[in-house]
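Next come the chains, spelled out residue by residue.
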Amino acid sequence: MAVSPARKRPERASTRAPNGKTSESTPTRQSLKSAQTRGRLIEATIQCLVKVGYSGTTTPLVAVEAGLSRGAMLHHFENSATLIRATIVELHERRLRAFRRSSEITEHEPTTMVTAYWKQVQKPAFVAFQELAMAARTDADLAQIMQPLQVEYRERFNSEAIALFPEWQSAPEQFAQAMALSQTLIEGMATGLMTGALDEVMVPALLKMLEDKIRTLRPKG
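Residues numbered from 1 in each chain as written. Predicted model: local features only at pLDDT ≥ 70, side-chain atom pairs only at ≥ 80, totals over all residues. Heavy atoms only, no water.

## Examining the pattern of salt bridges
The line we're drawing: Within this document, salt bridges are pairs made up of a side-chain nitrogen of Lys or Arg and a carboxyl oxygen of Asp or Glu, the two lying within 4 Å of each other. The way it works is that DSSP assigns letters per residue, a run of H or I at least four long becomes a helix, a run of E at least two long becomes a strand, and they are numbered from the N terminus. Between buried and exposed lies partly exposed: a residue is buried under 20% and exposed over 50% of the maximum accessible area for its type, with that area taken using a 1.4 Å probe on protein chains only.
Tallying each qualifying case throughout the model produces 10 salt bridges. When the shortest N-O distance is used, the salt bridge between Glu93 and Arg156 registers 2.6 Å. Here the residue Glu93 occupies a position in helix H4 (residues 80-104), and Arg156 occupies one in helix H7 (residues 140-164), the gap between them amounting to 63 residues. Residue classification places Arg156 among the partly exposed residues on the basis of a relative accessible area of 28%.

Shown next as structure tokens:
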């Protein structure tokens, strides 16, 4: 998908509802429908990235995948840049939600956390994000969209991780190492499986090695 530069739309004046609030403050049937349509288009973009890769993901193809006309799509996303940006934001939000769920419903046992992370990278969202990340290496327009969103995501992830894992607060350096090691190994393994560089039979042993390493880094007591 060739990313076309975003054009700024003129601002619309807000209208007031009978209770005195602006229309933006109260969800309407139209605004909910619009949000649902935007969601369909973002999901369609993710599916296209998984099926045909970044280079094959075009706005006409996304419209077909979403079951919409290209004109309807352009009503919600005026160009490919705004669509790709919204897709990256959604992929980041899904990852953060999955991280919160896994940390809130467990006792933070390494085996449970590693298993949850491994399941997460088996999903289409991970494949779609990898497609975008690799394409951004050589696509300057995509990199310009992606890099600031990556910085924002990393900052949010780090701040939430510290809050969600209070048992590690006495060892911030080891915590950072455990998180970086988990991300690098698990995502690298998932990529290796996709490309054939890793034999699936090795997965359980590698995940067990990661669990053991996290236990050695975890604060005692």
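Back to the text.
## Describing the packing of aromatic side chains
Threshold: A pair of Phe, Tyr and Trp rings is counted when the ring centres sit within 6.5 Å of each other, with Trp represented by its six-membered ring. The angle between the planes then sorts it: under 30 degrees is stacked, over 60 is edge-to-face, the rest tilted.
Within this structure, the stated rule accounts for five aromatic pairs. Ring plane angle 35 degrees and centroid distance 4.5 Å describe the contact between Phe99 and Phe157, whose orientation is recorded as tilted. Within this pair, whereas Phe99 is found in helix H4, its partner Phe157 is found in helix H7, the two being separated by 58 residues in sequence. Centre to centre, the rings of Phe99 and Phe165 are 5.8 Å apart; their planes meet at 25 degrees, and the pair counts as stacked. Of this pair, Phe99 sits in helix H4 while Phe165 is found in the loop between H7 and helix H8 (172-195), placing the two residues 66 residues apart along the sequence. We note that Phe99, like Phe165, is buried. Members of the aromatic cluster, joined through ring pairs, are Phe99, Tyr153, Phe157, Phe165, Trp168 and Phe175.

## Observations concerning H4
The cut-off we apply is this: Here a helix's expected span is defined as the number of its residues, less one, multiplied by 1.5 Å. Pairs of N or O atoms within 3.5 Å make up the polar contacts considered here, provided that, within protein, one atom can donate a hydrogen while the other can accept it, and that residues adjacent in sequence are counted only when both atoms are side-chain atoms.
For H4, spanning 25 residues, the distance from its first C-alpha to its last is 36 Å, which sits close to the expected 36 Å at 1.5 Å a residue. Measuring from the side-chain oxygen of the N-cap residue of H4 to the backbone nitrogen of Ala81 gives 3.2 Å; that N-cap residue is Asn79.

## A closer look at H7
Selection rule: Residue contacts follow a heavy-atom distance rule, with two residues in contact if any of their heavy atoms lie within 4.5 Å.
Its 25 residues place the ends of H7 35 Å apart at the C-alpha level, agreeing with the 36 Å of an ideal helix rising 1.5 Å per residue. Looking at the buried side of H7, the elements it contacts are helix H1 (29-56), H4, helix H6 (124-136) and H8.

## Focus on the packing of helix H5 (residues 110-120) against H8
Heads up, the rule is: With axes taken as lines fitted to C-alpha atoms, and helix axes fitted only over the stretch in contact, angles between N-to-C directions fall between 0 and 180 degrees. Should an angle lie under 35 degrees it is considered roughly parallel, over 145 roughly antiparallel, and from 65 to 115 roughly perpendicular; all remaining angles are considered oblique. Crossings are sorted by hand: turned counterclockwise from the far helix by less than a right angle, the near helix makes the crossing left-handed, and turned clockwise it makes it right-handed. Under the scheme applied, nonpolar residues are Ala, Val, Leu, Ile, Met, Phe, Trp, Tyr, Cys and Pro; charged residues are Asp, Glu, Lys and Arg; polar residues are all the others, including Gly.
Contact pair H5 / H8: the axes reach a minimum separation of 10 Å and the direction vectors enclose 40 degrees. The pairing of H5 with H8 is recorded here as oblique in orientation. For the pair H5 and H8, the crossing hand works out as right-handed. Contact with H5, carried on its side by Val114, Tyr117 and Trp118, involves Ser182, Gln183, Ile186, Glu187, Met189, Ala190 and Leu193 of H8 and no other residues of that element. Looking at the contact of H5 with H8, its residues break down into seven nonpolar, two polar and one charged.

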